[in-house]
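# Close look at the chain arrangement
Residue-level listing of the chains:
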Amino acid sequence: MTRDQLILQLQQDYAARREDNMRIYEEHVAEACSRCPGLRKLLNARHAALLSGMRNALYPGRKDTAANEKLPASMEAYNTQIAQMLATHGLAADALAPVYTCQRCKDEGYIYEPSRTMCRCFETELNQRVLDDLGLQKEQRFENFNEQFFSDEPIVGKLSQRTQMRLNRTLCEKYADTYPDTEISDLLFIGRSGLGKTFLMQAIAYRVAQRGYTVAYVSAYKLLDTMRKAYFENNADRLKPYIDAPLLLIDDLGTEPLMENITVTQLFNLLNERQNAGRHTILSTNLPMSELKARYTERITSRLRDERQCRTVKFIGDDIRTKLGKRSGGEA
């Protein structure tokens, strides 16, 4: 579901919320009127005076413009009588207060002064729906990163796995926190299965979406399925969400089947469109660069090796799922 679709859905939910709260308010009014004889008549009189004032304001040429001068005093008198009546019958002063889930925007979802802006309550719910729609594992966030899972034994000629993961985590968190003004637009995660690539990809997706930006996260297998349907149906719009997504994350590149005239061609077109448009892309693969080149041709790997646009992030060491006794399909 696109961000615009999620916004529309949330706006509809807010409208339903306003209706529910209006029903609750009307129940409060009915309860107060049943306990306070004469309250309904007083409320109706106040409402009629307010409507009259509004008509005078809207049609000054047809009404007595001086009529509204007495409206504030009239409203204050009605309010005083109503408050006294509530107190006399043991009801709280706010017994007739409007019911809102959010007092700031009054359940509109937007603040209109000084200009129309999204209310924090709406923005928070929208971002949570974006995250839920991505299908991310909620525990895979930067805050839950635990470097103790990784070996601190130096690898011959290299850093230890723990040190490398600490560097990778720092790089990825900086990328997520500075998006969309990142130093490099694309990242390529390379390393065997079970080294933390999916964890850091999902952590980036979660942080960026949490900051209010649109993210698309897809496995290479699912992406190929969409490409296949787009090809056979001659329907390029199927790929539009992935082409247009400001940040696209493609996980497990190389695990999808190779389909002639589809996989390589469509993937190249996707990356080419995105890089030309200056959009951000992150890919992960279990394959070394030599196998990526053999599988996807020089046209694609040259894009991924272009240091002006893409940075390779290497993952080293042993599969930590083995150490943790995990058998799940996701990475740590």
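## Remarks on the environment of Arg169
- Relative to the helices and strands, Arg169 is located in helix H5 (residues 161–178).
- For Arg169, a relative accessible area of 22% gives the class partly exposed.
- Through-space distance from the C-alpha of Arg169 to that of Phe142 is 7.6 Å; in sequence the pair is 27 residues apart.
- Arg169 has contacts with Phe142, Glu143, Phe145 and Leu200, leaving out every residue within four places of it along the chain.

## Re the pattern of salt bridges
- Considering all chains together, one arrives at 22 salt bridges under this definition.
- Here Glu147 and Arg166 are joined by a salt bridge, their closest N and O atoms 2.9 Å apart. Residue Glu147 is located in the loop between helix H4 (120–134) and H5, and its partner Arg166 is located in helix H5; the two are separated by 19 residues in the primary sequence.

## A short note on the nonpolar core
- Counting residues in hydrophobic clusters, the biggest one holds 40 residues, and the most contacted among them are Phe189, Leu200, Ile204, Leu247 and Ile282.
- Elements with a contribution of two residues or more to this core: helix H1 (3–35), H4, H5, strand E3 (186–190), helix H6 (197–210), strand E4 (215–219) and strand E5 (247–253).
- Residue contributions to this core peak at nine residues, all from H6.
- Ala216, Tyr242, Ala245 and Leu287 belong to the second largest nonpolar core, which has 28 residues in total.

## Here we look at the packing of helix H9 (residues 263–277) against helix H10 (residues 289–305)
- The interhelical angle for the contact between H9 and H10, taken along N-to-C directions, is 10°, at an axis separation of 9 Å. Considered as vectors, H9 and H10 are oriented roughly parallel to each other. Across from Thr263, Val264, Leu267, Phe268, Leu271, Asn272, Gln275 and Asn276 in H9, the residues of H10 making contact are Arg295, Tyr296, Thr297, Arg299, Ile300, Arg303 and Leu304.
- For the contact of H9 with H10, the class distribution of residues is seven nonpolar, five polar and three charged.

## Brief notes about the confidence of the model for the protein chain
- Here the protein chain averages 88 in pLDDT, while 93% of its residues score no lower than 70.
- Mean pLDDT across the secondary structure elements of the protein chain bottoms out at helix H11 (residues 320–324), with 72, and peaks at E3, with 97.
- pLDDT under 50 marks residues 326–332. Its contacts with residues more than four places away, or in other chains, come to 19 contacts.

Reading the values: the criteria
Residues numbered from 1 in each chain as written. Predicted model: local features only at pLDDT ≥ 70, side-chain atom pairs only at ≥ 80, totals over all residues. Heavy atoms only, no water. Helix = DSSP H or I, 4+ residues; strand = E, 2+ residues; numbered from the N terminus. Buried < 20%, exposed > 50% of the residue type's maximum accessible area, 1.4 Å probe, protein only. Contact = heavy atoms within 4.5 Å. Salt bridge = Lys/Arg side-chain N within 4 Å of Asp/Glu carboxyl O. Core = buried A, V, L, I, M, F, W, Y, C linked by side-chain atoms within 4.5 Å. Axes fitted to C-alpha atoms, helices over the stretch in contact; angles between N-to-C directions. Parallel < 35°, antiparallel > 145°, perpendicular 65-115°, else oblique. Nonpolar A, V, L, I, M, F, W, Y, C, P; charged D, E, K, R; others polar. pLDDT = per-residue confidence, 0-100.

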